[in-house]
Amino acid sequence: MQEMIDLYNKNRERTGKVIAKGTEDTCQLKGEYRLIVHVCIFNSYGEMLIQRRQPFKRYFADQWDITVGGAVQAGETSAQAGEREVFEELGLKISLKNRHPLLSMNFAKGFGDVYLIEKNDIDIDKLTLQYEEVKSVRWATREKIFSMIDNGKFIPYNKGFIEMLFFKRNHSDNFIDSRKFHFNKNLIPIKFYDSLTDEQLSDEDTVKYAVIIARYREHFIFCKHIDRNTYELPGGHREHGETITQAAERELREETGATDFVMSPICGYKVEDYGILYFAEVFELGEELSHEIQRIKLFKKIPNRLTYPYIHPFLLMEAKKRHFIAL
């Protein structure tokens, strides 16, 4: 069935005129505007889910794009269209009920609404991709998207637009409250716990992550992922059959090359899922690193270019508060 779209006047009011999608060049007259919608999905590590368009698409064939986007169909609100587009293109059900777009923009022939959401339970290997639209998906940092734009692999958005998407993810307001500390704890829903129950710790579906603040010769160890130009603390997902401490020890060995260390738990934390924060005093470093880690680097202070700038500073501050480290 042919998709139909509403046309609007300059005040974003429906004119009552409906045209077939794809006929805009011939049927959309001067002073008539259409409405499009984008939904950007982020995870708690500050990465955006991006899609690669099919090579047979008419526009921007085989290039990468933000999560999903498309025309608002006749009779739909932009929120309804966003829910539909995400389900059609990714097979993922989301709710935008009672949510307004964080960005609304004008372009030459229409209006565009952008919704930003955060979901951390997405297994991208299990998504149902719409063959007509989407070739593949992946997570990407802001820096990775910038690199892909430079290399001609990503739709050539203005980098300021991409920067705004990543900024607005954690800033629904446009004002800075100067009365608050630089790392505003309201920017991200992160909570800390003195302890978790044995039942929680043993449940692989409850406590999923281990992050390690590692120190070697009075320096913090940060890792540089092969696909990123930023630095991050060692850590990662717990694998099946591991205790969370075994996961932390494995991640430390794989990502830093540590061969001799002493590790202690600092506290539990939760963003969307639970994790355990550890401190490790490293006495010896080897040369073998995980294939995902390009290199490690030692810092006296927190580096400026963090992969997860809205999570790792809070973890480090909590470790300082609990007297494990000094900053």
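How each quantity is defined
Residues numbered from 1 in each chain as written. Predicted model: local features only at pLDDT ≥ 70, side-chain atom pairs only at ≥ 80, totals over all residues. Heavy atoms only, no water. Salt bridge = Lys/Arg side-chain N within 4 Å of Asp/Glu carboxyl O. Helix = DSSP H or I, 4+ residues; strand = E, 2+ residues; numbered from the N terminus. Core = buried A, V, L, I, M, F, W, Y, C linked by side-chain atoms within 4.5 Å. Buried < 20%, exposed > 50% of the residue type's maximum accessible area, 1.4 Å probe, protein only. Contact = heavy atoms within 4.5 Å. Pairing = 2+ DSSP bridges.

Visitor: I'm lost on the pattern of salt bridges in this one. Help?
Guide: Here the idea is simple: oppositely charged side chains can pair when their charged atoms come close. For the structure on display, the rule yields 23 salt bridges. For Glu85, the salt bridge goes to Arg84, with nearest N and O atoms at 3.2 Å. Where Arg84 meets Glu88, a salt bridge forms, and the shortest distance between an N and an O atom there is 3.2 Å. Here the residue Arg84 and the residue Glu88 both occupy positions in helix α2 (residues 78–90), the gap between them amounting to four residues, near one helical turn. Each of Glu239, Glu242, Arg250, Glu251 and Glu254 takes part in one network of salt bridges that share partners.

Visitor: Can you help me understand the nonpolar core in this one?
Guide: One recurring pattern in soluble globular proteins: nonpolar side chains tend to sit buried together. Counting residues in hydrophobic clusters, the biggest one holds 24 residues, and the most contacted among them are Ile213, Phe222, Ile266, Tyr269, Leu277, Leu315 and Ile325. For this core, the secondary-structure elements that each account for two or more residues are β11 (207–216), β12 (219–225), β14 (258–270), β15 (274–285) and α7 (312–321). By residue number, the principal contributor to this core is α7, which donates four residues. The residues touching Leu315, leaving out its near neighbours within four places in the chain, are Ile190, Phe192, Val211, Ile213, Tyr269 and Leu277. Formed by 23 residues, the second largest nonpolar core is a distinct cluster that contains Val37, Val68, Tyr115 and Trp139.

Visitor: Would you mind going over the pairing of β12 with me for this structure?
Guide: Two faces make up the sheet, and in a regular strand the side chains alternate between them. With six of its seven residues buried, β12 lies for the most part within the structure. Bridge count between β11 and β12: two bridges; the pairing is antiparallel. Paired with Tyr216 across the bridge in β12 is His219. If you look at the hairpin formed by β11 and β12, you'll find two residues sitting between the two strands, and Arg217 has a positive phi there, around 50°. As defined by bridge partners, β12 adjoins strand β16 (residues 293–299) across six bridges and the pair is classed as antiparallel. Its bridge partner being in β16, His225 is matched across the sheet by Ile293.

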